[in-house]
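Read off the chains here:
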Amino acid sequence: MSLTNASPEAAAREAKAASFTLAALPAAARNEALEAIHAALQAAADGSLSAALVSRLDLGRPGKWEDMLKGILDVRDLPDPLGAVSMRTKLDDDLVMERVSCPIGVLLIIFEARPEVIANIASLAIKSGNAAILKGGKESTESFVAIAQVISAALDTTKVPNGAIQLVTTRDAIASLLAQDRSIDLVIPRGSNELVRHIKENTKIPVLGHADGLCSIYLTATADAAKAATAIVDAKTSYPAACNSVETLLVQDTALATTFPAVAAALVAAGVELRCDAPSKAAALTSPGSAGKVVDAVDADYDTEHLSLTLAVRTVTSVDEAVAHINAHGSGHTESIMTADAAEAERFMDGVDAAGAYWNASTRLADGMRYGFGTEVGISTNKIHARGPVGLEGLTIYKYKIRGDYQATAGYGEGEGQRRFKHEKMAV
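By the naming in an unreviewed UniProt entry, the chain is glutamate-5-semialdehyde dehydrogenase, taken from Cordyceps fumosorosea. In its Sequence similarities (unreviewed entry) section, UniProt records this for the chain: "Belongs to the gamma-glutamyl phosphate reductase family." What UniProt states about the chain under its Catalytic activity (unreviewed entry) heading is, verbatim, "L-glutamate 5-semialdehyde + phosphate + NADP(+) = L-glutamyl 5-phosphate + NADPH + H(+)".

*Asks:* Help me out: how do you make sense of the domain arrangement of the chain in this one?
*Replies:* By a widely used convention, the size of an interface equals the accessible area lost when the partners come together. Per the domain assignment, the segments making up the chain are domain 1 (8-208 + 379-397) and domain 2 (215-371). When each unit is reduced to the centre of its C-alpha atoms, the spacing between domain 1 and domain 2 is 35 Å. With nine residues of domain 1 in contact, the opposing surface of domain 2 contributes 13 residues. Counting each side, the surface lost to burial between domain 1 and domain 2 is near 740 Å², with a carbon and sulfur contribution of 60%. Considering only the side of domain 1, the residues that lose the most area to domain 2 are Ile379, Arg387 and Pro389, jointly responsible for 56% of the buried surface there. Where domain 1 touches domain 2, the interface holds two salt bridges. Between Lys383 and Asp353 there is a salt bridge, with its nearest N and O atoms 3.2 Å apart. On inspection of domain 1 and its partner domain 2, the count reaches two residue pairs in polar contact (both at pLDDT 80 or more).

*Asks:* Which parts of the structure should I look at to understand the environment of Glu98?
*Replies:* Structurally, the position occupied by Glu98 is in strand E3 (residues 95-103). For the pair Glu98 and Val85, spaced 13 residues apart in the sequence, the C-alpha separation amounts to 6.5 Å. In contact with Glu98, not counting residues within four places along its chain, are Val85, Met87, Arg88, Lys399, Tyr400, Lys401 and Arg403. Here Arg88 takes part through its side chain, which lies 2.7 Å from a polar atom of the side chain of Glu98.

*Asks:* Is there a simple way to think about the pairing of strand E7 (residues 186-190) in this case?
*Replies:* Looking along a regular strand, one sees side chains alternate from face to face of the sheet. Counting buried positions along E7 gives five out of five residues, so the element sits mostly inside the fold. Sheet analysis places strand E4 (residues 106-111) next to E7, joined by five bridges and oriented parallel. Bridging from a neighbouring strand, Ile109 pairs with Ile188 of E7.

*Asks:* What should I look at first to understand the packing of aromatic side chains in this one?
*Replies:* Two aromatic rings are characterised by how far apart their centres lie and by the angle between their planes. Counting across every chain of the model gives four aromatic pairs. Residues Tyr371 and Phe373 carry aromatic rings whose centres are separated by 5.4 Å and whose planes lie at 90 degrees to one another, so their mutual orientation is edge-to-face. You can call Phe373 partly exposed: its relative accessible area is 34%. Measuring from ring centre to ring centre gives 4.3 Å for Tyr412 and Phe421, while their planes differ by 5 degrees; the resulting arrangement is stacked. Here Arg99 stacks its cationic end above the ring of Tyr398, 5.2 Å away from the centre of that ring.

Rules used throughout
Residues numbered from 1 in each chain as written. Predicted model: local features only at pLDDT ≥ 70, side-chain atom pairs only at ≥ 80, totals over all residues. Heavy atoms only, no water. UniProt positions renumbered as here; feature names shortened; annotations may be inferred. Domains from an automatic or database assignment. Contact = heavy atoms within 4.5 Å. Buried area = accessible area lost by both parts, 1.4 Å probe. Salt bridge = Lys/Arg side-chain N within 4 Å of Asp/Glu carboxyl O. Polar contact = N/O pair within 3.5 Å; in protein donor to acceptor, adjacent residues only side chain to side chain. Helix = DSSP H or I, 4+ residues; strand = E, 2+ residues; numbered from the N terminus. Buried < 20%, exposed > 50% of the residue type's maximum accessible area, 1.4 Å probe, protein only. Pairing = 2+ DSSP bridges. Phe/Tyr/Trp six-rings, centres within 6.5 Å; stacked < 30°, edge-to-face > 60°. Lys NZ or Arg CZ within 6 Å of the ring centre and 35° of its normal.

Here it is as structure tokens:
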């Protein structure tokens, strides 16, 4: 990992050159680099690096450092995402085409705080054969540099070029980096909604990310009230500031007197403020301790990512109305339905326009580790390329390889003496 004070242009050019070398390395060489990084960080945990990090941010929280190290080995143990053949076609005798996974190229990751992101991103980038330029927030520069120095020394012992993973420490470099569309292939912002929006508005480079995480849950009258309460409380309270925290609860009108009271009582008991429309407010006020915790909603509440112990509640009459509300107000992140009706659940999951559509599950499941993808680089609400939690597969694209016997296009066509393509599908 190169610690660079070079110009953003020079950093991008170096990363581009390194990406070609990294993309051609076998899986064994990439995995060896991850093992070297893990060993170096583990050794540093007993030295001055550990003491420096403990005093900054929350890496000193019990288990956080160990989780970061484990994440590196988890990525190492994932299947190689490169070279996978997803299509094989016989165009003609001795002329075979394959679609094969390959790296995207150069990633620019812009993030705020959380110094462990450096180790996470470096691991994912190396495993997927991508070069990466990292730009962290100025508040944590010393922590970023401390970790990066250990990773840099580790990479010097491997076949991965040091310039393949760069930490840019130059102040005010983001605008210039966002202009390097000839060298940088994808921007991945990790941070606040404001950061993501700013990046999307100020670059020609494709951006993978989401500006909002406005998730909803639809509670029906057939749901198991106790189980639904557990899942919904988890979706709101386990980490209210997360992008996969539920922000709107849609309640079927016939559930107001059946499943909703138990859910409302559990939410109130967990300290959640319910901002309700008139029907759901009347039902919620029957819950013990609801005074002061159940208030009138305003229209803006249904378009707000509260990121706190605040939940907007609205009454709907059907699954179709719930889907219509979500598609009009949601952010395309993750939506869930609580119901005992399988057909209704499928109608909901097919109808919502979101990266994640769940049946009887907390929206907090939207996470790369929970999906089994390993450490994620972020969650995408894009409609092109990667969608949802983005792990190794989301950091690859594909190319078409053709193996032939000196065929030329002039020999093919519909005329006399010309050959026709066979286009025969082959096993992959």
